[in-house]
Amino acid sequence: MNEITSTWLNFSQQQEFETLPATVDAGASFFAPLTDLGLIALTGDEAASFLHTQLTNDVQNLAAGQARLAGYCSPKGRLLATFLMWKSNDTIFLQLPRSLQAAIQKRLQMFVMRAKAKLADVSDTQIALGLAGNAAGAALTPWFPTLPNTPYAKVDNDHGTLIRLADANATPRYQWITTPEHAIAAWPQLSESLPPVAASAWRLSEIQAGIPQITLPTQEQFVPQMINFEVIGGVNFKKGCYPGQEIVARSQYLGKLKRRAVLASVAATGIAAGTEVFSSTDPDQPCGMIVNAEADSTDSSSCLLEIKLAALENSTVHLGSVNGAQLHFQALPYSIVDVTDAELSA
């Protein structure tokens, strides 16, 4: 364990990260240490061109003032990981769940071959804080006088990188990526403006924003469109080849998609990603699967789930089995618009 890692771990124990509140009211302002996220850094003259051939989004034209979502697919077009991706100076960063980070980094490394690109795990030297709510912007101004003003815009300065994420509950959200030393120094002042909460509260805000995250139980379960990934900007259909690209493109060319991700609430907690859901009109086989779920109170959860669209019509949908808790569907914060054949070939 290096000194930086030890310093952050000691601080987390002093602040009792594990006992921070797990939920917040919808739209409330807060900040959270995102200790469940890992970070891969890529450097080298050919880092961008290498990643461009591996991911679902455009890496070559990734600008310094923006971040993007991107996916990493198997040859069968199924998602192995979803990333938040950005570039600072000469480094490209890929953020993903820590539980996936080592295996995904190893897989990417296998395909570097002779490309001038190096991958490094910087999860412990570049940590993330998630900030949400209408008070978040003012709380950040001592370190970032100019805030990124649209989703997936970013700014960099001596205090780190600040990325605005998709809004949740009609309020802004940001990620501040910085060193443990900067985070520790900022903590007391941040705590005066915003209540610190657990990472689960941030994950709940991701669900409320309709942003899916692939985790261990859902690897290789979905093509990107099944979880709305192209709708939220995670797929570029004009960028050229990557693993699974033909299958992902074919899913668009075949016409109207029959499976999508939707939001729902359910009177249950402790729901695991990968849990199947069942329709009352076809109880013997699952009609979908939980992508992400987090408790939003002591006895209920918010879920992002992939489902057959036909199951939403004239039936009820239940968790785990047709006898399980009923899911109550809610509107996504964005519109589902299928990309047409003409748009793909334009």
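Notes on the structure in this doc start here. Only a predicted model underlies this, so the values are computations on that prediction, with no experimental measurement involved.

Below, the discussion takes up the pattern of salt bridges. Applying the stated criterion across every chain, the model contains eight salt bridges. For Glu 306, the salt bridge is made with Arg 259, and the minimal N-O distance between the two is 2.2 Å. With Glu 306 in strand E14 (residues 301-308) and Arg 259 in strand E11 (residues 259-266), this pair connects stretches of sequence that are 47 residues apart. Taken together, the shared-partner salt bridges in this structure form one network comprising Asp 36, Arg 203 and Glu 294.

With 70 residues, the main nonpolar core has Leu 42, Leu 51, Leu 55, Leu 94 and Ile 104 as its most contacted residues. By residue number, the principal contributor to this core is strand E4 (residues 79-88), which donates seven residues. Not counting residues within four places of it along the chain, the set of residues in contact with Leu 51 comprises Leu 42, Val 59, Ile 92, Leu 94 and Leu 108. If you look at the next biggest cluster of nonpolar residues, it comprises 22 residues, including Phe 11, Ile 127, Leu 131 and Ala 139.

On the surface, Met 110, Phe 111 and Met 113 cluster together into a nonpolar patch covering about 360 Å² of accessible area. Structurally, Met 113 can be placed in the loop between helix H3 (98-110) and strand E6 (118-121). Overall, Met 113 belongs to the exposed group, its relative accessible area being 69%.

In this section: the sheet that holds strand E10 (residues 171-178). Pairing between the strands of a sheet comes from backbone hydrogen bonds, and it takes one of two forms, parallel or antiparallel. With antiparallel pairing, five strands are arranged side by side in an open sheet as E1-E7-E10-E9-E8. Each having just a single partner strand, strand E1 (30-33) and strand E8 (154-157) make up the two edges of the open sheet. Within this sheet the neighbouring strands show an average axis-to-axis angle of 20 degrees, counted without direction. One ladder, built from four bridges, connects E8 with strand E9 (residues 160-168); its direction is antiparallel. The partner of Asn 157 across the bridge, within E9, is Gly 160. Taken strand by strand, helix H5 (residues 180-193) contacts E1, strand E7 (127-132) and E10, and its axis lies near 25 degrees from that of E7. Across the sheet, helix H6 (residues 199-208) is in contact with E1, E7, E9 and E10; its angle to E1 comes to roughly 115 degrees.

Along the polypeptide, Asn 157 turns up in strand E8. Since its relative accessible area comes to 32%, Asn 157 is described here as partly exposed. A C-alpha to C-alpha distance of 8.6 Å links Asn 157 and Trp 143, two positions 14 residues apart in sequence. Apart from the residues lying within four places of it in its own chain, the contact partners of Asn 157 are Trp 143 and Phe 144. A distance of 2.7 Å separates a polar atom in the side chain of Asn 157 from the backbone nitrogen of His 159.

About the criteria used
- Residues numbered from 1 in each chain as written.
- Predicted model: local features only at pLDDT ≥ 70, side-chain atom pairs only at ≥ 80, totals over all residues.
- Heavy atoms only, no water.
- Salt bridge = Lys/Arg side-chain N within 4 Å of Asp/Glu carboxyl O.
- Helix = DSSP H or I, 4+ residues; strand = E, 2+ residues; numbered from the N terminus.
- Core = buried A, V, L, I, M, F, W, Y, C linked by side-chain atoms within 4.5 Å.
- Buried < 20%, exposed > 50% of the residue type's maximum accessible area, 1.4 Å probe, protein only.
- Contact = heavy atoms within 4.5 Å.
- Patch = residues over 30% accessible without salt bridge, like charges linked within 9 Å, V, L, I, M, F, W, Y side chains within 5 Å.
- Areas by Shrake-Rupley, 256 points an atom, 1.4 Å probe, with all protein chains shown as cover.
- Pairing = 2+ DSSP bridges.
- Axes fitted to C-alpha atoms, helices over the stretch in contact; angles between N-to-C directions.
- Polar contact = N/O pair within 3.5 Å; in protein donor to acceptor, adjacent residues only side chain to side chain.

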